[in-house]
Number of protein chains: 2
Amino acid sequence: MTEKIKEEMLQFINEGISDNISWMEDNHPADIAEVLSELKPENMLEIISLLDNQEIAQVIEHLDQELQKEIITSKEIDEIIDIFSYMSKDNITDILGNLSVDLREKLLNQMKHGEAQILRNLLGYEIDSAGGIMTTEYILLKETLTKKEALEKIKEIGPRTEVIDIIYINNDKKELVGTVDLRDILSAPDDTILAELMDENLIYVTPEMDQEKVAYLVAKYDLTAIPVINKNKVMLGIITVDDVIDVIEEENTEDMLRMAGVHEEESIDSPLKKSVIRRLPWLFINLFTAFLVSMTVSLFEEVIQQVVVLAVMMPIVAMMGGNAGNQTLSVVIRGIALGELTLNKESWKLIIKQIVLGLINGAVLGLFTGIVLYFVYGNPYLGLIIFLAMTVNILIAGLFGFLIPLGLKVLGVDPAMASAIFLTTATDIFGFFVFLWLAKVFINYLV
Amino acid sequence: MTEKIKEEMLQFINEGISDNISWMEDNHPADIAEVLSELKPENMLEIISLLDNQEIAQVIEHLDQELQKEIITSKEIDEIIDIFSYMSKDNITDILGNLSVDLREKLLNQMKHGEAQILRNLLGYEIDSAGGIMTTEYILLKETLTKKEALEKIKEIGPRTEVIDIIYINNDKKELVGTVDLRDILSAPDDTILAELMDENLIYVTPEMDQEKVAYLVAKYDLTAIPVINKNKVMLGIITVDDVIDVIEEENTEDMLRMAGVHEEESIDSPLKKSVIRRLPWLFINLFTAFLVSMTVSLFEEVIQQVVVLAVMMPIVAMMGGNAGNQTLSVVIRGIALGELTLNKESWKLIIKQIVLGLINGAVLGLFTGIVLYFVYGNPYLGLIIFLAMTVNILIAGLFGFLIPLGLKVLGVDPAMASAIFLTTATDIFGFFVFLWLAKVFINYLV
């Protein structure tokens, strides 16, 4: 679908054919945005210049920050303000937050006072807090309104809101007290007052709440929007489900990348220079841990000198520990992210499970490996020490896979943060130590 | 919040205090469900027996499959059918799909013919396809209706639908031709016909489409629901955004677990036996790959015998390759999942980037390590070979981190499937081979 749009746009750019340009009518703004972001910047701006301000507003929402900035800075102040007039406040805030302070102030000073005030407030919240992702286009009505009055208001405000199926209700003190489903308003008699239709079981958030928690609540309660209220229960905004989906994808990306020691903003098309600068620090931390592992091995240089086949077997111990630990690590990090795993009085049961699981898997794999190596090298003690070492190492790997993310969480650090690197270090150090120490103990039977 | 519910429920169970039991009125069904799933099965059923069928319907949606089955099988056929009458078709289908064929048939045969027919159709779709997650509670109106007629219908059908803000429109041939926003209906004059208000840019899916693609479209176009149509453009159902969020979380869990070689259905509270059975096969595959790595090292037993410090340095090569590769792997798997990375004519640019990135990071880390080891062991050739080996290994690691998931994708396999295990194998084999082969070449300078 986007292929066709791209072809038409390129034809226009290269050959200047401009009849029948009806991209915006025939396509979804998200598709137009997708194609625009594949064009060269100057071509993109050329296409943008063909669109009117309302169309630009629809497309710009779907572009990434860099392109948004490029388009906005190519326009005059009053054009920008006109484009903003077709956009929701959360999207305007995102754009303003990326502009130079100079330009941002110029824009805010040119806007209507009330609008500017709302945007200044929104700009004040952390970008990954509820306040940072909320918007102000919602319907809030007084509980004393009748159905008929409410419907009039809804007809009037509706077109400017993001959500219409849920109407928020406040009382005389301006406190948010409940919600009414538009369905119930539609089917109620004309003189019903809203308070009678109201559901008082409110699920809400405060503006400081982390966006991850907001997403968790929206997912748990199957909401299409969640209200944000302040300490006095005054409604400040709503967070809509489409933004929550973005948060979920963002948090999942963050988890997966951080686990591997990658900066959460790296993506497949990050520029080379950024990738180098962002990855090297983690790799240096990793190098330091590798030195620790290497030092552990160096304690047993003499043993390896005497029985060089130990060096051949070392990778088996390391790989099995690393991978068994990684299995547990992934399950635990995911469990934390989905809110299934929290520390409480029952947590010891899960630790016991990890220990037994590690013992069983370690013993099974160790026994198999021990027998294979016995047949290959003809030395039963070699088989015995790899059996013991693998059992202990896989047991320890499971424990670390469980404890590292939980430990990070208790320290207030993201449980995914470089946890794979810490895990490998732990399993390598313990694995090699146990394996080589056992070899040292049994050295007379191995030589 | 759920703490209080739990306390009250336990008090009821233990002491039989039954006045003021108003859990359902005071709490969200999702919270009731959360507490129920923490109770012992017999206690859960005791609480369930206090709820009426409509309340059970609200709670059961939020429970997991096992508990749903337990509750349903504890009820009589006509009670179950009454509970179902308060539920949406997609949720009923999920429950029916988990019951024994016997019970399922009994239930379907007792239902109204039309209802049973819809459910039989829904049961026919793959559970991870669009058909498998769609529901049939939506509003579909003819394009020739006037605003007034439409509003009458909406009042009537509305309370039974999942989505009300978007009205689907079909023509005389029963083809889905567009959507109308309820806002536009509310604010239009009484005699406007729906066709005039209709948006013809339809985003839709077919029932066979994979749920991951459905989620991608809903996220891309910021939808609250997406229609499902058949080949004749007849509307079959809708998929709502709350189900899409579940799909996104499910697919993300799958990616993270599969990457580490864990069965996608394992969670933190899986029973021990299942964890053992599901993890062991992958660990055995991993053991096989570990043997391959070990065999690679064994080719150079003599070299290690002569220069035992090589065994001490081996873990550094392996760890750095594994982790550098893992960084790229995570970025690539996430890029594929988010639809940012597809194979096309431009893909070679990304490969070049990986090569340069690997060369730079490898050279920087290798140089540093080489210098450190030169000072520790006083042998410049030892420093030289670790510098060369690490540069090559980190370069190769980046390439494999890029190519393994893409290769799996081309083969039609989930790109995340055990990719970390394949990656470690590749980086270990290449890393050790290059390192030890270089040592063999320079052996005269090392002894």
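This one's a predicted model, so the numbers in the text were calculated from it and none came from an experiment.

Rules behind the numbers
- Residues numbered from 1 in each chain as written.
- Chains lettered and ligands numbered in written order.
- Predicted model: local features only at pLDDT ≥ 70, side-chain atom pairs only at ≥ 80, totals over all residues.
- Heavy atoms only, no water.
- Helix = DSSP H or I, 4+ residues; strand = E, 2+ residues; numbered from the N terminus.
- Rg over C-alpha atoms; globule rule 2.2 N^0.38 Å.
- Buried < 20%, exposed > 50% of the residue type's maximum accessible area, 1.4 Å probe, protein only.
- Contact = heavy atoms within 4.5 Å.
- Areas by Shrake-Rupley, 256 points an atom, 1.4 Å probe, with all protein chains shown as cover.
- Lys, Arg positive; Asp, Glu negative; His and termini not counted.
- Charge placed at Lys NZ, Arg CZ, Asp CG, Glu CD.
- Salt bridge = Lys/Arg side-chain N within 4 Å of Asp/Glu carboxyl O.
- Least-squares fit on C-alpha atoms with pLDDT ≥ 70 in both.
- Pairing = 2+ DSSP bridges.
- Axes fitted to C-alpha atoms, helices over the stretch in contact; angles between N-to-C directions.
- Patch = residues over 30% accessible without salt bridge, like charges linked within 9 Å, V, L, I, M, F, W, Y side chains within 5 Å.
- Arc of directions from axis to C-beta.
- Buried area = accessible area lost by both parts, 1.4 Å probe.
- Polar contact = N/O pair within 3.5 Å; in protein donor to acceptor, adjacent residues only side chain to side chain.
- Nonpolar A, V, L, I, M, F, W, Y, C, P; charged D, E, K, R; others polar.
- Core = buried A, V, L, I, M, F, W, Y, C linked by side-chain atoms within 4.5 Å.

Undergrad: Can you walk me through the overall build of chain A in this structure?
TA: Within chain A, the secondary structure is distributed over 23 helices and 5 strands. By the compact-globule yardstick of 22 Å for 447 residues, chain A is too spread out, its C-alpha radius of gyration being 30 Å. Counting only C-alpha atoms and orienting by the principal axes, one finds that chain A spans roughly 90 × 65 × 40 Å. Looking at chain A as a whole, 55% of its 447 residues are labelled buried. Taking as baseline every contact in chain A between residues at least 6 positions apart, the subset at least 24 positions apart corresponds to 66%. When the accessible surface of chain A is split by element, carbon and sulfur atoms take 54% of a total near 19900 Å². The average position of the 34 basic charges and that of the 67 acidic charges among the side chains of chain A differ by 7 Å.

Undergrad: When you look at the pattern of salt bridges in this model, what are you seeing that I'm missing?
TA: Side chains that differ in sign of charge can pair as their charged atoms come close. Per the stated rule, a full pass over the model turns up 29 salt bridges over all chains. The partner of E152 of chain B in a salt bridge is K155 of chain B, with the nearest N and O atoms 3.9 Å apart. In this pair, E152 of chain B and K155 of chain B are both assigned in helix α12 (residues 147-157), 3 residues apart and thus about one turn of the helix distant. D181 of chain B is the partner of R183 of chain B in a salt bridge, and the nearest nitrogen-oxygen pair spans 3.0 Å. Judged by its relative accessible area of 22%, D181 of chain B is partly exposed. Because the salt bridges share partners, they merge into one network encompassing E254, R258, E264 and D414 of chain A.

Undergrad: Help me understand the relation of the copies chain B and chain A in this model?
TA: Each copy of the chain is related to the other by a rotation around an axis and a translation along that axis. Superposing chain B onto chain A takes a rotation of 180° combined with a translation of 0.0 Å along the rotation axis, leaving an RMSD of 0.1 Å. With respect to symmetry, the two chain copies, as superposed, fit the operation of a two-fold axis. Of the residues that chain B buries at the interface, 99% are likewise interface residues in chain A, meaning the two copies contact each other through the same surface.

Undergrad: How should the sheet that holds strand β3 (residues 176-181) of chain B be read in this particular structure?
TA: Strand pairing in a sheet takes place through backbone hydrogen bonds and is either antiparallel or parallel in direction. All names here are of chain B. Taken in spatial order, the 3 strands line up as β1-β2-β3 in an open sheet, and their pairing is mixed. Where the open sheet ends on each side, the last strands, each with one partner, are β1 (140-142) and β3. In this sheet, neighbouring strand axes are inclined to one another by 40° on average, regardless of whether the strands run parallel or antiparallel. Looking at chain direction, strand β2 (residues 166-170) and β3 are connected through 5 bridges and run antiparallel. Residue pairing for β3: I169 is matched across the bridge by G178.

Undergrad: Just to check I follow, could you spell out a negative patch on the surface for this structure?
TA: All names here are of chain A. Residues E126, D128, D210, E212, D246 and E250 make up a contiguous surface patch of negative charge. As for its position among the elements, D128 is in the loop between α10 (113-123) and α11 (130-133). Overall, the relative accessible area of 37% leaves D128 in the partly exposed class.

Undergrad: Can you walk me through helix α10 (residues 113-123) of chain B in this structure?
TA: Residue and element names in this part refer to chain B. Those residues of α10 not exposed but buried are A116, L119 and L122. Here the buried residues of α10 occupy an arc of 125° about the axis, which is enough to place them on one side. Taken together, the buried residues of α10 touch α8 (89-98), α9 (101-110) and α11 (130-133).

Undergrad: Would you mind going over the interface of chain B and chain A with me for this structure?
TA: In many reports, interface size means the accessible area that the parts give up when they come together. If you look at the interface, chain B gives 113 residues, while chain A gives 114 residues. For the pair chain B and chain A, the summed buried surface comes to about 10000 Å²; carbon and sulfur atoms form 69% of the total. Inspection of the chain B/chain A interface yields 6 salt bridges. Taking the shortest distance from any N to any O, the salt bridge between R334 of chain A and E249 of chain B comes out at 2.8 Å. Scanning the region where chain B abuts chain A turns up 25 residue pairs in polar contact (both at pLDDT 80 or more). With 18 residues, helix α19 (residues 309-337) of chain B is the single largest residue contributor to the side of chain B that touches chain A. Residue composition of the side of chain B that touches chain A, grouped by class: 63 nonpolar, 29 polar and 21 charged.

Undergrad: What is the right way to read the sheet that holds strand β2 (residues 166-170) of chain A from this model?
TA: Residue and element names in this part refer to chain A. Taken together, 3 strands build an open sheet; the order of strands is β1-β2-β3 and the sheet is mixed. Strands at the two margins of the open sheet, each flanked by one partner only, are β1 (140-142) and β3 (176-181). With direction set aside, neighbouring strand axes in the sheet form an average angle of 40°.

Undergrad: Help me understand the side chain of T135 of chain A, please; the structure alone is not making it clear to me.
TA: All names here are of chain A. Within the element layout of this structure, T135 appears in the loop between α11 and β1. A distance of 3.3 Å separates a polar side-chain atom of T135 from the backbone nitrogen of D90. Side chain to side chain, T135 and E137 meet in a polar contact 2.3 Å long. Among all residues touching T135, those that are not within four sequence positions of it are S88, K89, D90, E162, G237 and I238.

Undergrad: What's the story with the nonpolar core in this structure? I'm lost.
TA: Across soluble globular proteins, you tend to see nonpolar side chains buried next to one another. Membership of the largest hydrophobic core comes to 86 residues, with the highest contact counts inside it found for F435 of chain A together with F435 of chain B. Grouped together as the second largest cluster of nonpolar side chains are 42 residues, L217 of chain A together with M134, I226 and V241 of chain B included.

Note that all results are geometric; they support no functional claim without further evidence.
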